Amino acid sequence: MTSRGAVPILVAGGIGLVALLAVAVTSGISEPFDRSVIDAIRSQSLRGLLSPLRLITELGSTTAVTAVAFLTLLVGVLIGPWLHGIAGAVTIGLAALGNEMFKALIARARPDLLDPVVQERGFSFPSGHAALGMVAWGVLGVLVLRSRLPRGVRIGAVAVLAAMIVLIGVSRVWLGVHYPTDVLAGWTAGA
């Protein structure tokens, strides 16, 4: 099977996983999982180590994602191919719209298990920061991978972008504004 032939299968699998997570969330099945991950991430022993997540979370904010959409366009124009830059920027914009519509459909309240480090408005599932971080930084990663930059630079840049995506998601749980299943659904939807 070609890589193009695998795309519909991956998309269907991603949609299926997000749907399963939505069912688990709305039925309450996910509560033990969410609680155990929250307890681990918010443990006192990790508090100092994870405190920089308060800043890292902003890399998945609307402002940052909008900046990445423009950066994606710029990267496409400067290091090519420019059509990929346009497609990437449009993809990021459409993902933001889709995430908001899905949040309204599920309407999951924010976590109330612990006092949040920051306050957020709106619904919880899926995590917009995780979804848009995955889309924005992931699209930028794809552009970098397909660029004419030296192989080592491309691999290093993608590794940094992947770490950022993971840390943005973990930050949302650590800050107390999302359940782990929100983040998993956001990453999956974004991918």
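Heads up: these notes are all about the structure in this document. (Residues numbered from 1 in each chain as written. Predicted model: local features only at pLDDT ≥ 70, side-chain atom pairs only at ≥ 80, totals over all residues. Heavy atoms only, no water.)

### Regarding the overall build of the protein
Along the backbone of the protein there are nine helices and zero strands. Walking the protein from its N terminus toward its C terminus, one meets helices and strands in the order α-α-α-α-α-α-α-α-α. In summary, the protein has a C-alpha radius of gyration of 17 Å against a globular reference of 16 Å for 191 residues, a match within 12%. Along the first, second and third principal axes, the C-alpha set of the protein runs to 45 × 35 × 30 Å. Evaluated residue by residue, the protein yields a buried proportion of 40% over its 191 residues. (Helix = DSSP H or I, 4+ residues; strand = E, 2+ residues; numbered from the N terminus. Rg over C-alpha atoms; globule rule 2.2 N^0.38 Å. Buried < 20%, exposed > 50% of the residue type's maximum accessible area, 1.4 Å probe, protein only.)

### Brief notes about the side chain of D34
The residue D34 is located in helix 2 (residues 31–41) in this model. Exposure remark for D34: the relative accessible area of 1% places this residue in the buried category. A polar side-chain atom of D34 sits 2.9 Å from a polar atom in the side chain of T181. (Polar contact = N/O pair within 3.5 Å; in protein donor to acceptor, adjacent residues only side chain to side chain.)

### Considerations on the nonpolar core
If you look at the biggest cluster of nonpolar residues, it comprises 17 residues, and the most contacted ones within it are V65, V68, I92, A136, W137, L140 and L161. Elements with a contribution of two residues or more to this core: helix 5 (62–79), helix 6 (82–106), helix 7 (128–145) and helix 8 (151–174). Take this core: its biggest share by element is seven residues, from helix 7. When near neighbours in sequence (up to four residues on either side) are disregarded, L161 contacts W137, L140 and G141. (Core = buried A, V, L, I, M, F, W, Y, C linked by side-chain atoms within 4.5 Å. Contact = heavy atoms within 4.5 Å.)

### Here we look at the environment of V65
Secondary-structure assignment places V65 in helix 5. Take V65: its relative accessible area is 5%, and that puts it in the buried class. It is 6.7 Å that separates the C-alpha atoms of V65 and L132, two residues lying 67 residues apart in sequence. Every residue in contact with V65, bar those within four places of it in the chain, is listed here: L59, G60, I92, L132, G133 and A136.

### Here's the deal with helix 6
Here helix 6 is 25 residues long and its end C-alpha atoms lie 37 Å apart, about the 36 Å a rise of 1.5 Å per residue gives. Of all the residues in helix 6, the buried ones are G85, G88, A89, I92, N99, K103 and I106. One or two steps after helix 6, the chain reaches A107, where phi turns positive at roughly 55°. (Expected span 1.5 Å × (residues − 1).)

### Here's the deal with the environment of L55
Residue placement: L55 occurs in helix 4 (residues 53–56). Measuring from C-alpha to C-alpha, the distance between L55 and G190 comes to 21 Å, with 135 residues separating the pair along the chain.

### Side note on the side chain of S127
By the secondary structure assignment, S127 is in the loop between helix 6 and helix 7. Looking at S127, its side chain comes within polar contact range of the main-chain nitrogen of H129, at 3.5 Å.

### Considerations on unusual backbone geometry
Generally, phi is negative for residues other than glycine and the peptide bonds are trans, each holding for most cases. Between F125 and P126 the backbone carries a cis peptide bond, its omega angle lying at -10°. By secondary structure assignment, the location of P126 is in the loop between helix 6 and helix 7.

### Here's the deal with the packing of helix 7 against helix 9 (residues 180–190)
Axis separation between helix 7 and helix 9 bottoms out at 7 Å; the angle between their running directions is 30°. Classed by the angle they form, the pair helix 7 and helix 9 counts as roughly parallel. By crossing handedness, the relation of helix 7 to helix 9 is classed as right-handed. Here helix 7 contributes A130, A131, M134 and V135 to the contact with helix 9, which in turn contributes V183, G186, W187 and G190. When its residues are assigned to classes, the contact of helix 7 with helix 9 shows six nonpolar, two polar and no charged. (Axes fitted to C-alpha atoms, helices over the stretch in contact; angles between N-to-C directions. Parallel < 35°, antiparallel > 145°, perpendicular 65-115°, else oblique. Left-handed = near helix turned anticlockwise from the far one by under 90°. Nonpolar A, V, L, I, M, F, W, Y, C, P; charged D, E, K, R; others polar.)

### Description of the environment of V142
Assignment of secondary structure puts V142 in helix 7. The spacing of V142 and V158 is 16 residues in sequence and 8.0 Å in space, taken between C-alpha atoms.

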